[in-house]
Amino acid sequence: MNSAGHPEATARRGLELTPFRGLRYDPDRVGSLAAVTSPPYDVVVRPDGLLHLESADPHNIVRLILPQAATPEARNEQAARTLHRWTAEGVLTTDPEPGLYVYEQRDGEDLLQRGIIGAVRVSDPAEQVVLPHEDVMPHVVADRAALMRATRANLEPLLLTYRGDGGTPFTTALVERTAAQPPLLSTTTEDGFCHRLWSITDPDTVARVRSELSHHQALIADGHHRWATYRTLRAEHPSPGPWDHGLVLLVDTARYPLRVRAIHRLLHDVPVHDALAALAGHFRVRRLESPLDESLNALAKAADAGNAFLLAGDGAFHLVDRPDPGLLARTVPTGRPEAWRTLDATVLHATLLAHVWHVPDDSAAHISYIHDTAATVEKAERDGGTAVLMHPVREEVVRELARQGVTMPRKSTSFGPKPASGLVLRALDA
């Protein structure tokens, strides 16, 4: 496919979106729809955020996506039992007809995002239909796969983006036209976002949407581990079957551009003093006598000129920039595009974590990946670790590297807004 996402002279198989019978909360059986939703599983800051969500409503979706028990096996079995009980009791009910779902998120007057939720065919990377841009951690994929096997459900959609660029006129008009109608549900979550959902069940309408999207490819904006989980489970089950597809939200970023934010790192076993001492002679380090917002502005300015990071955890902020070129030459892998070799995330993982601080980047015992900036700083100060605050990469860089088949280091970006979990689920047996 060309850079706009349209087919080239030789036809290539594109996105295949399939309607499904959504599994949704009965609003009469729960305190409120807002009280049963959650951010995606990997955005919940544990344990505080988890406990807050669990106490919001006894049926909060977090009890399915992040079940709590003594062992992984017990957690997954508990999630499966909970899902079965909620469906048997009518807390969760299956929509009568298969369809696609138009989903809207609005944050006051500042942000409006609309897209389509459906079940997309799980494809292999070589097909270049769904483009990943980040590496994944095998133990997280194994964890998500075990949960999905136990529950036999897609509990939350991952976020895919495509570029309509005039190639999806019917779909674009349908989304806008549908959003003018009364929704299936409407709720405002405590973060201030208003969520609305509509179903599209007319077979001819669904067929036209599917036809237009079949000429496009998509970029994984959020949910690399869930996509890898879909691929793992598809390989385990006979085809054709329900495991051939996975639940996604598709957003046309030509119409609704996403926000791109950084994902920060928390080093559990490295005090700030030790982290700074190890940087001597390798990076320039400056202590900033400024609050978080001003320090992040300083990070943004430094990032315009090269690799830069903001360290915190001792009550102050430390701007780290101007890496030694010789150190980068010795530590950053060659044979990759220059845009990849100069990424902050590449330098962080290949140079700082691996060679300067000697911190494994795939072990939850040593490092956490946190989306919320203030929460990262607070946890570092409370636990005596080091917060490494990142500056976000531009979306066009992400998309271009993905088209080249080059993946960025894990947890390099945070696209948003992310779909709320709990508004619509997909039961594989429905």
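Computed from a predicted model, the values in this text were never measured in an experiment.

Undergrad: In this structure, what is going on with the overall build of the protein chain? I would like to understand it.
TA: Scanning the protein chain for helices and strands turns up 15 helices and 21 strands. When burial is assessed residue by residue, the protein chain has 54% of its 430 residues classed as buried. Here the contacts in the protein chain between residues at least 6 apart in sequence split such that 79% fall between residues at least 24 apart. If you average the places of the 45 positive and of the 55 negative side-chain charges in the protein chain, the two averages end up 3 Å apart.

Undergrad: What am I meant to see in the nonpolar core here?
TA: If you look at soluble globular proteins, the nonpolar side chains tend to sit buried side by side. Grouped together as the largest cluster of nonpolar side chains are 113 residues, with contacts concentrated most on Phe 309 and Trp 357. Counting residues per element, this core draws most heavily on helix α13 (residues 344-356), at six residues. Here Phe 309 is in contact with Phe 283, Leu 299, His 318, Leu 319, Val 320, Asp 344, Val 347, Leu 348, Leu 352, Val 388, Leu 389 and Met 390, once residues within four sequence places are set aside.

Undergrad: What's the story with the pattern of salt bridges in this structure? I'm lost.
TA: Any two side chains of opposite charge can pair, given that their charged atoms come close. Across all of its chains, the model carries 26 salt bridges by this definition. Of the charged contacts in the structure, one is a salt bridge between Lys 418 and Asp 222, with a shortest N-O distance of 3.0 Å. Highlighted residues: Lys 418 in the loop between β20 (414-416) and β21 (425-427) and Asp 222 in strand β11 (residues 218-222), separated in sequence by 196 residues. Take Lys 418: its relative accessible area is 15%, and that puts it in the buried class. With a relative accessible area of 7%, Asp 222 lands in the buried category. Its salt-bridge partner being Arg 284, residue Asp 321 comes within 2.9 Å of it at the nearest N-O pair. On the criterion of sequence distance, the pair formed by Asp 321 in strand β17 (residues 317-321) and Arg 284 in strand β15 (residues 284-288) is long-range, its members being 37 residues apart.

Undergrad: In this structure, what is going on with the packing of aromatic side chains? I would like to understand it.
TA: What describes a pair of aromatic rings is the distance from one ring centre to the other and the angle between the planes of the rings. Evaluated as defined, the whole model comprises three aromatic pairs. Ring geometry for Phe 20 and Tyr 101: centres 5.3 Å apart, planes at 50°, overall tilted. One end of the pair, Phe 20, is in the loop between β1 (17-18) and β2 (22-25); the other, Tyr 101, is in strand β4 (residues 100-107), and 81 residues separate them in sequence. Judged by relative accessible area, which is 1%, Tyr 101 ranks as buried. For the pair Trp 227 and Tyr 230, a centre-to-centre distance of 6.1 Å together with 70° between the ring planes defines the contact as edge-to-face. In this pair, Trp 227 and Tyr 230 both sit in helix α8 (residues 224-236), three residues apart, roughly one turn of the helix. The class of Trp 227 is buried, set by a relative accessible area of 5%. Classification of Tyr 230 by relative accessible area gives buried; the value is 3%. When the ring centre of Tyr 41 is taken as origin, the NZ or CZ atom of Arg 144, which lies over that ring, is 4.0 Å away. Of note, Arg 336 hangs over the ring of Trp 340, and the distance from its end group to the ring centre comes to 4.4 Å.

Undergrad: In this structure, what is going on with the environment of His 264? I would like to understand it.
TA: On the secondary structure map, His 264 appears in strand β14 (residues 264-267). In the structure, His 264 is positioned 58 residues away from Val 206 in sequence and 40 Å away in space, judged by C-alpha atoms. Sequence-distant contacts of His 264, that is, excluding residues within four places in its chain, are made with Ser 368, Tyr 369, Ile 370, His 371, Asp 372, Thr 373, Thr 376, Val 388, Leu 389 and Met 390. A polar atom in the side chain of His 264 sits 3.0 Å from the backbone nitrogen of Met 390.

Undergrad: Any chance you could explain the side chain of His 318 here in plain terms?
TA: For His 318, the position within the fold is in strand β17. Residue contacts for His 318: discarding those within four places in its chain leaves Val 272, Leu 276, Val 285, Arg 286, Arg 287, Phe 309, Leu 310 and Leu 311.

Undergrad: Any chance you could explain the environment of Ala 375 here in plain terms?
TA: Among the structural elements, Ala 375 can be located in helix α14 (residues 373-383). Considered as a pair, Ala 375 and Ala 262 are 113 residues apart in the sequence and their alpha carbons are 13 Å apart.

Undergrad: So what exactly am I meant to see when it comes to a negative patch on the surface here?
TA: Where like charges cluster on the molecular surface, the negative patch consists of Asp 314, Asp 372, Glu 378 and Glu 381. Within the secondary structure, Glu 381 is located in helix α14.

Undergrad: Please explain the sheet that holds strand β16 (residues 308-312) as it appears in this structure.
TA: Backbone-to-backbone hydrogen bonds pair the strands of a sheet. The strands run either parallel or antiparallel. An order of β15-β17-β16-β19-β14-β18 is seen for the six strands of this open sheet, with the pairing classed as antiparallel. The two strands at the open ends of the sheet, each matched to only one other strand, are β15 and β18 (367-370). Between one strand and the next, the sheet's axes are offset by a mean angle of 25°, whatever the strand orientation. Here α13 sits on the sheet and contacts β14, β16, β18 and β19 (386-389); the angle it forms with β16, its principal contact strand, is near 60°. Against the sheet, α14 engages β14, β16, β17, β18 and β19, with an angle of about 160° to β19.

Undergrad: Whenever I open this one, the sheet that holds β21 confuses me. Can you help?
TA: Within the open sheet, the four strands sit side by side as β3-β2-β21-β7. Their pairing is antiparallel. Edge positions in the open sheet fall to β3 (92-94) and β7 (153-154), since each of these has one partner strand only. Bridge count for β7 against β21 is two bridges, and the pairing is antiparallel. By the bridge assignment for β21, Asn 154 is matched with Arg 426.

Undergrad: I'm lost on α8 in this one. Help?
TA: Turn by turn, an α-helix covers 3.6 residues, leaving residues three or four places apart pointing in a common direction. The terminal C-alpha atoms of α8 lie 19 Å apart, and with 13 residues this matches the ideal 18 Å at 1.5 Å per residue to within 8%. Every buried residue of α8 is accounted for by His 224, His 225, Arg 226, Trp 227, Ala 228, Thr 229, Tyr 230, Leu 233 and Arg 234.

Undergrad: It is not clear to me how the packing of helix α4 (residues 72-88) against helix α5 (residues 138-151) should be interpreted in this structure. Could you clarify?
TA: Between two packed helices, the angle of one axis relative to the other and the distance separating the axes together describe the packing. Between α4 and α5, whose axes approach to 8 Å, the crossing angle comes to 35°. Regarding α4 and α5, the two cross each other, and that crossing is right-handed. Along the contact surface, α4 presents Asn 76, Ala 79, Ala 80 and Leu 83, while α5 presents Ala 146, Leu 147, Ala 150 and Thr 151. Each residue belonging to the contact of α4 with α5 can be placed in one class, and the counts come to six nonpolar, two polar and no charged.

Cut-offs and rules
Residues numbered from 1 in each chain as written. Predicted model: local features only at pLDDT ≥ 70, side-chain atom pairs only at ≥ 80, totals over all residues. Heavy atoms only, no water. Helix = DSSP H or I, 4+ residues; strand = E, 2+ residues; numbered from the N terminus. Buried < 20%, exposed > 50% of the residue type's maximum accessible area, 1.4 Å probe, protein only. Contact = heavy atoms within 4.5 Å. Lys, Arg positive; Asp, Glu negative; His and termini not counted. Charge placed at Lys NZ, Arg CZ, Asp CG, Glu CD. Core = buried A, V, L, I, M, F, W, Y, C linked by side-chain atoms within 4.5 Å. Salt bridge = Lys/Arg side-chain N within 4 Å of Asp/Glu carboxyl O. Phe/Tyr/Trp six-rings, centres within 6.5 Å; stacked < 30°, edge-to-face > 60°. Lys NZ or Arg CZ within 6 Å of the ring centre and 35° of its normal. Polar contact = N/O pair within 3.5 Å; in protein donor to acceptor, adjacent residues only side chain to side chain. Patch = residues over 30% accessible without salt bridge, like charges linked within 9 Å, V, L, I, M, F, W, Y side chains within 5 Å. Areas by Shrake-Rupley, 256 points an atom, 1.4 Å probe, with all protein chains shown as cover. Pairing = 2+ DSSP bridges. Axes fitted to C-alpha atoms, helices over the stretch in contact; angles between N-to-C directions. Expected span 1.5 Å × (residues − 1). Left-handed = near helix turned anticlockwise from the far one by under 90°. Nonpolar A, V, L, I, M, F, W, Y, C, P; charged D, E, K, R; others polar.

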